Number of protein chains: 2
Amino acid sequence: MHKRFVTNIISRILLIICFVMTLPLAWAVHDDLYSKETQSFTITICFGIVISCIFLWFFRIKKEDYKKINTKDGLAIVGLSWICLSIFGAIPLWLSQVVSSYTDAFFEIVSGFTTTGSTIFVDIEIVPRGILFWRSLTHWLGGMGIIVLYIALLPALGTNAFQLYKAEAPGITVERVEPRIKETAKNLWGIYFFLSFAETVCLLLGGMPLFDSLCHTFGTMATGGFSTKNASIGAYGPFIQWTIFFFMFLAGINFILHYSALKGRPKTYFKDEEFRWYFFLVLILIAIFGIVLMFSGGSQSPWRDAAFQVVSIVTTTGYTSVDFDIWPQALRFFLVILMFIGGCGGSTGGGMKFIRALLSVKIALRSVTQAVFPNAILPIKFNFKALSDRLVTAVLSYFAVFMLLFFFGAGLFILTESCDLVTAFTASIAALSNIGPGLGKVGATQNYAWVSMPGKWLLTFLMLAGRLELYSILILFIPATWRK
Amino acid sequence: MHKRFVTNIISRILLIICFVMTLPLAWAVHDDLYSKETQSFTITICFGIVISCIFLWFFRIKKEDYKKINTKDGLAIVGLSWICLSIFGAIPLWLSQVVSSYTDAFFEIVSGFTTTGSTIFVDIEIVPRGILFWRSLTHWLGGMGIIVLYIALLPALGTNAFQLYKAEAPGITVERVEPRIKETAKNLWGIYFFLSFAETVCLLLGGMPLFDSLCHTFGTMATGGFSTKNASIGAYGPFIQWTIFFFMFLAGINFILHYSALKGRPKTYFKDEEFRWYFFLVLILIAIFGIVLMFSGGSQSPWRDAAFQVVSIVTTTGYTSVDFDIWPQALRFFLVILMFIGGCGGSTGGGMKFIRALLSVKIALRSVTQAVFPNAILPIKFNFKALSDRLVTAVLSYFAVFMLLFFFGAGLFILTESCDLVTAFTASIAALSNIGPGLGKVGATQNYAWVSMPGKWLLTFLMLAGRLELYSILILFIPATWRK
């Protein structure tokens, strides 16, 4: 790892965050100039600027250093910068004493940046607005990606920017976007901004105040899940719920497809195999959930609840309009399965990603056919193109690592909390897939305040690993990463 | 598929089973000559002989037909013969009316042949001894494999016998045993017989009656789990429990290693990487379980219970000496994990097999290193040999198919039974891994009598798929298998 280079880039990203933090500061000032929040944000921003300037001075880099950056550095920059930003971003919560310990502050901010949406606040409605705005804003930053924002805003990373982009962008990068990486990053953030603006306007039209509209927009477009109400989206009427449903669904789609559609090629959506399956699965599941809820009588508005919860979980947003933990067992089961799958590649959704789940199923089915024809060469096709053996192994390895981390997380969680199996398993997957609510003691109407300190640190690790496609975090545990 | 050939071989195997069925008939006659059981066995045997002779006559094969057999035929013979034998083997239970429906009889016998050990009998101690002996005997036949027995006993399959052997023997066949396949089959059955004999003698010395000794030997050596007592092994004292513990541990080891050891090379055990990990894991887990049970005070004999249950679950035997469903949550969690892993390849144990779990972990860890060095070639080593890419893909595909079947099974089970999640998930893995007891409503002290008819058929499917390494059963759903 080129430590000088890595430190330099992380310091620059820290500077960006300091500037962004002036927005929640503005809310805090607007509400009460002499409040603890105003102080906390001011101190944090000053501290951040000083620290990053010192580091930038000591770890100066030259133009030729940019050429040295390799995949390892790319992964390390992404992994370390997310950790550093979370440590830094948690400071205002800690200083303003809205949380009881730094662990809680860190948990909340990691949950924000990774778009998980798990909260340790028992009563969210008494938390000052500056703090609420900041934690929702971390969703929005983390959703499309801070590194992608860096690439879009700052110059000079050059062609090596792809190494960084690849390490943070979710899903499998099938097309090589290398030559125009800066342009791609700009376009993605542009669409993200545009859709967010559209949602805010819709929510305002639905009668939601500006502050809540912004926070919920951040939570929706990033597939995060932080709300400003204790009842989450259940606190709002049908219009708001359908609006958020619609934008959650959009946020779970590959943003490259949105870009194509806005460029005047709306057919691109259905030309994409991943989107077709995503659309199809969501439709089928809403139908199943709706019918079951209608006949079981467990819901007053079965279709709205079905549509909202299916999309909320499959996109890994985690907003709740109703307590799905009391739904029939079969529906709870389907929700657990959806937790593993997650949104499409290139979306802001978490989980294993739709494309990987799809390819894993295809590869599994191929192995059955392969048993019948052991000598046949049976390529795996995606969007009519055959996948390389290397990519097949990569997809399966990812699946294996994901499942191992899931079991590992559930095992450690049960050791630290000695809770029931359903709580442990769903807490693990809810963190790893960046969803937020699970079942049982971490269910739709619950929160993570009761979790012990080691349990919270474990979950933050799972959240970061899940958001950064596992490897950016896991490589930090390998000695080879730290060698020059 | 060469239908004529496949039908012929299955008919021969049916004949073997008819002869074997004279043993439970003997017990039934010994107990009561005029009982329903005696009648049932007699009718079934006569029916079986007539049917198989008719088939053998209509589907005659010539010497040159043997050369035509391919992998597809091998898999189909194994899959179909197991289904046919289960259908046939269930008849005595059905005719003697010890069960209420044919579904129950079929479930019990599939659970027997596949060495699962799940039972639908609520009170096992009132079931006639002939029937009890037959269901325990199916364990013993299914443990080492009926096809392997066929290869060992009957001549003329020639070099193609390897196709059949491969399709039934559990785990990955690393060495090619093709040229001496008949000899291998004989040796394996020889050791199996020898160890079974040794266990019976030990149990007799421990004061267990002959009938119970034989039934428990069958259940142990095959890693089955059928007992003749309602309290399973909990009904016996420490000596019997330690004896069964020891032989369960042996049954979970690759039988090729036992063969080497008996040939005077006992060091072979520790030269084998899979055995080392198996030994190590069992030791560690017994230590953990023992310490937790000692301090939680949930057991009167913590070390014996720990040792017995860990080995019973990891070898997928499923005998219970104590109700582990009331143990601390962390221990229940570890038991669930063990359910996935299973015994060593080449043992009579079920599950994913130790070797596959081990290789999956190795491959997952490699992918982390690969992220740091994307262009490096990092071979996966096992017993100091590098694995081919083909085998790596095969192991990962197996892992994916196994997990998909597990989720599929749990999903359908919850739809048919609308039970809780823990019951559904553990019922699915307990069937797929051929264990028997799960947790919750299928826990250590429970049975499968309450499961609905569709649920029972689902579980039999999972048991067969799990025992026959998935593909022998799954290929039957592919049209290509049935084409000539």
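Definitions and cut-offs
- Residues numbered from 1 in each chain as written.
- Chains lettered and ligands numbered in written order.
- Predicted model: local features only at pLDDT ≥ 70, side-chain atom pairs only at ≥ 80, totals over all residues.
- Heavy atoms only, no water.
- Disulfide = S-S within 2.5 Å.
- Helix = DSSP H or I, 4+ residues; strand = E, 2+ residues; numbered from the N terminus.
- Buried < 20%, exposed > 50% of the residue type's maximum accessible area, 1.4 Å probe, protein only.
- Domains from an automatic or database assignment.
- Contact = heavy atoms within 4.5 Å.
- Buried area = accessible area lost by both parts, 1.4 Å probe.
- Salt bridge = Lys/Arg side-chain N within 4 Å of Asp/Glu carboxyl O.
- Polar contact = N/O pair within 3.5 Å; in protein donor to acceptor, adjacent residues only side chain to side chain.
- Nonpolar A, V, L, I, M, F, W, Y, C, P; charged D, E, K, R; others polar.
- Expected span 1.5 Å × (residues − 1).
- Least-squares fit on C-alpha atoms with pLDDT ≥ 70 in both.
- pLDDT = per-residue confidence, 0-100.
- Phe/Tyr/Trp six-rings, centres within 6.5 Å; stacked < 30°, edge-to-face > 60°.
- Lys NZ or Arg CZ within 6 Å of the ring centre and 35° of its normal.
- Core = buried A, V, L, I, M, F, W, Y, C linked by side-chain atoms within 4.5 Å.
- Patch = residues over 30% accessible without salt bridge, like charges linked within 9 Å, V, L, I, M, F, W, Y side chains within 5 Å.
- Areas by Shrake-Rupley, 256 points an atom, 1.4 Å probe, with all protein chains shown as cover.
- Lys, Arg positive; Asp, Glu negative; His and termini not counted.
- Charge placed at Lys NZ, Arg CZ, Asp CG, Glu CD.
- Axes fitted to C-alpha atoms, helices over the stretch in contact; angles between N-to-C directions.
- Parallel < 35°, antiparallel > 145°, perpendicular 65-115°, else oblique.
- Left-handed = near helix turned anticlockwise from the far one by under 90°.

(A) Spotlight on the state of the cysteines. Residues and elements named next belong to chain B. For the structure shown, the criterion picks out 0 disulfides over all chains. Not part of a disulfide, C53 finds its nearest cysteine sulfur in C18, a span of 8.6 Å. In this structure C215 is not part of a disulfide, and its nearest cysteine sulfur, from C202, lies 17 Å away.

(B) Up close: unusual backbone geometry. In this structure, A:E469 takes a positive phi of about 55 degrees despite not being glycine. Examined against the element boundaries, A:E469 turns out to sit in the loop between α21 (453–467) and α22 (471–474). The exposure class of A:E469 is buried, given its relative accessible area of 7%. Not every positive phi belongs to a glycine, and B:N434 is a case in point at roughly 60 degrees. The residue B:N434 is located in the loop between α20 (421–432) and α21 (453–467) in this model.

(C) How the structure looks around the domain arrangement of chain A. Residue and element names in this part refer to chain A. What the domain assignment reports for chain A is domain 1 (3–255) and domain 2 (384–482). Distance between the C-alpha centres of domain 1 and domain 2: 21 Å. Between domain 1 and domain 2, the contact holds 38 residues from the first and 28 residues from the second. Of the roughly 2600 Å² buried between domain 1 and domain 2, counting both surfaces, carbon and sulfur atoms make up 70%. On the domain 1 side of the contact with domain 2, T103, F107 and T116 bury the most area, a combined 20% of that side's loss. Between the two partners, domain 1 and domain 2, sit 1 salt bridge. Between K456 and D104 there is a salt bridge, with its nearest N and O atoms 2.7 Å apart. At the surface where domain 1 touches domain 2, the tally comes to 10 residue pairs in polar contact (both at pLDDT 80 or more). Listed by contribution, the elements that provide at least two residues to the side of domain 1 that touches domain 2 are α4 (71–89), α6 (102–113), α7 (129–144) and α9 (161–168). With 9 residues, the top contributor of residues to the side of domain 1 that touches domain 2 is α4. The class makeup of the residues in the side of domain 1 that touches domain 2 is 17 nonpolar, 17 polar and 4 charged.

(D) Geometry of the side chain of B:D325. All names here are of chain B. For D325, the location among the structural elements is in the loop between α16 (302–314) and α17 (329–341). For D325, the side chain forms a polar contact with the main-chain nitrogen of G440, separated by 2.8 Å. Once residues lying within four places of it in the same chain are set aside, the contact partners of D325 are R332, L439, G440 and G443.

(E) Examining the interface of chain B and chain A more closely. Residue-level contacts link 50 residues of chain B with 50 residues of chain A. It is B:F333, B:V372 and B:L421 that lose the most area in chain B upon contact with chain A, and together they represent 15% of the buried surface on that side. The interface formed by chain B and chain A contains 0 salt bridges. Connecting chain B to chain A are 4 residue pairs in polar contact (both at pLDDT 80 or more). Secondary-structure elements contributing two or more residues to the side of chain B that touches chain A are α4 (71–89), α17, α18 (354–372), α19 (389–417), α20, α22 (471–474) and α23 (479–482) of chain B. The leading source of residues in the side of chain B that touches chain A is α19(B), at 15 residues. A per-class count over the side of chain B that touches chain A returns 35 nonpolar, 10 polar and 5 charged.

(F) Quick look at helix α3 (residues 36–58) of chain A. Here α3(A) is 23 residues long and its end C-alpha atoms lie 33 Å apart, about the 33 Å a rise of 1.5 Å per residue gives. Considered for burial, the residues of α3(A) that qualify are A:E37, A:T38, A:S40, A:F41, A:T44, A:I45, A:G48 and A:S52.

(G) The relation of the copies chain B and chain A, seen in detail. Taken as rigid bodies, chain B and chain A are interconverted by a rotation of 180 degrees and an axial shift of 0.0 Å, the fit giving an RMSD of 0.0 Å. Given the turn and translation reported, the copies of this chain are related as if by a two-fold rotation axis.

(H) Just the confidence of the model for chain A, in detail. Across chain A, the average pLDDT comes to 89, with 96% of residues at or above 70. Across the interface, the model reports ipTM at 0.90; the global pTM reads 0.92.

(I) Here's a closer look at the environment of A:T445. Residues and elements named next belong to chain A. By the secondary structure assignment, T445 is in the loop between α20 (421–432) and α21. Judged by its relative accessible area of 54%, T445 is exposed. Taking C-alpha positions, T445 is 8.4 Å from D325, a pair spaced 120 residues apart along the chain. A polar atom in the side chain of T445 sits 3.4 Å from the side chain of Q446.

(J) Examining the packing of aromatic side chains more closely. All chains considered together, the criterion is met by 85 aromatic pairs over all chains. Judged by centre distance (5.2 Å) and plane angle (15 degrees), the ring pair of A:F249 and A:Y278 falls under stacked. With A:F249 in helix α12 (residues 238–251) and A:Y278 in helix α15 (residues 273–296), this pair connects stretches of sequence that are 29 residues apart. Here A:F249 and A:Y278 have matching classes, each one buried. Ring centres of B:F133 and B:F218 lie 5.7 Å apart, and the angle between their planes is 70 degrees; this geometry places the pair in the edge-to-face category. Note that B:F133 is positioned in helix α7 (residues 129–144) and B:F218 in helix α11 (residues 210–221), a separation of 85 residues in sequence. Residue B:F218 is classed as buried on the basis of its relative accessible area, which comes to 8%. When the ring centre of A:F211 is taken as reference, the NZ or CZ atom of A:R129 above it lies at 4.8 Å. Over the ring of A:F226 we find A:R135, and its NZ or CZ is 3.9 Å from the ring centre.

(K) Focus on the pattern of salt bridges. Going through the model one piece at a time under the given rule, you end up with 14 salt bridges over all chains. Taking the shortest distance from any N to any O, the salt bridge between A:D31 and A:R129 comes out at 3.1 Å. Of this pair, A:D31 sits in helix α2 (residues 22–31) while A:R129 sits in helix α7, placing them 98 residues apart in sequence. Given the relative accessible area of 37%, A:D31 is considered partly exposed. A salt bridge links B:E273 to B:K362, with the shortest nitrogen-to-oxygen separation between them at 2.6 Å. One end of the pair, B:E273, is in helix α15 (residues 273–296); the other, B:K362, is in helix α18, and 89 residues separate them in sequence. Several salt bridges share partner residues, and in doing so they unite A:K353, A:R356 and A:E469 into one network.

(L) Fine view of the nonpolar core. In terms of nonpolar packing, the biggest core is built from 358 residues, with A:W134, A:Y278, A:M403, B:F113, B:W134, B:Y278 and B:M403 touching the most fellow members. With residues near it in sequence (within four places) discarded, B:Y278 still touches B:M248, B:F249, B:G252, B:I253, B:V314, B:T315, B:C344 and B:F354.

(M) The arrangement of a nonpolar patch on the surface in detail. Residue and element names in this part refer to chain A. Taken together, the side chains of F193, F197, V201, L205 and F239 make up a nonpolar region of the molecular surface, amounting to roughly 570 Å² of accessible area. In terms of residues, the nonpolar patch owes the most to one element, helix α10 (residues 181–205), which gives 4 residues. Tracing the backbone shows F239 in helix α12. Using a relative accessible area of 47% as the deciding quantity, one classes F239 as partly exposed.

(N) Molecular detail of a positive patch on the surface. Residue and element names in this part refer to chain A. Residues K3, R4, R60, K62 and K484 make up a contiguous surface patch of positive charge. Its place among the elements puts R4 in helix α1 (residues 3–20). Under the relative-accessibility criterion, R4 is labelled partly exposed at 42%.

(O) Focus on the packing of helix α18 (residues 354–372) of chain A against α19(B). Contact geometry for α18(A) and α19(B): axes closest at 9 Å, N-to-C directions at 110 degrees. Between α18(A) and α19(B), the interaxial angle falls into the category roughly perpendicular. Pair α18(A) / α19(B) crosses with left-handed handedness. Of the residues in α19(B), those touching α18(A) at A:V361, A:I363, A:A364, A:R366, A:S367 and A:Q370 are B:R390, B:T393, B:S397, B:A400, B:V401 and B:L404. Residues of the contact of α18(A) with α19(B), tallied by class, amount to 6 nonpolar, 4 polar and 2 charged.

(P) Region of interest: the side chain of A:S367. Take A:S367: it is sitting in helix α18. Apart from residues lying up to four places away in sequence, A:S367 is in contact with B:S397, B:V401 and B:Y471.

(Q) Quick peek at helix α13 (residues 255–262) of chain A. Residues and elements named next belong to chain A. All of the buried residues along α13 are F255, L257, H258, S260 and A261. At its buried positions, α13 is contacted by α7, α10, α11 (210–221), α12, α14 (268–271) and α15. Its side-chain oxygen at 3.1 Å from the backbone nitrogen of I256, N254 defines the N-terminal cap of α13. G264, located one to two residues past α13, shows a positive phi value of around 100 degrees.

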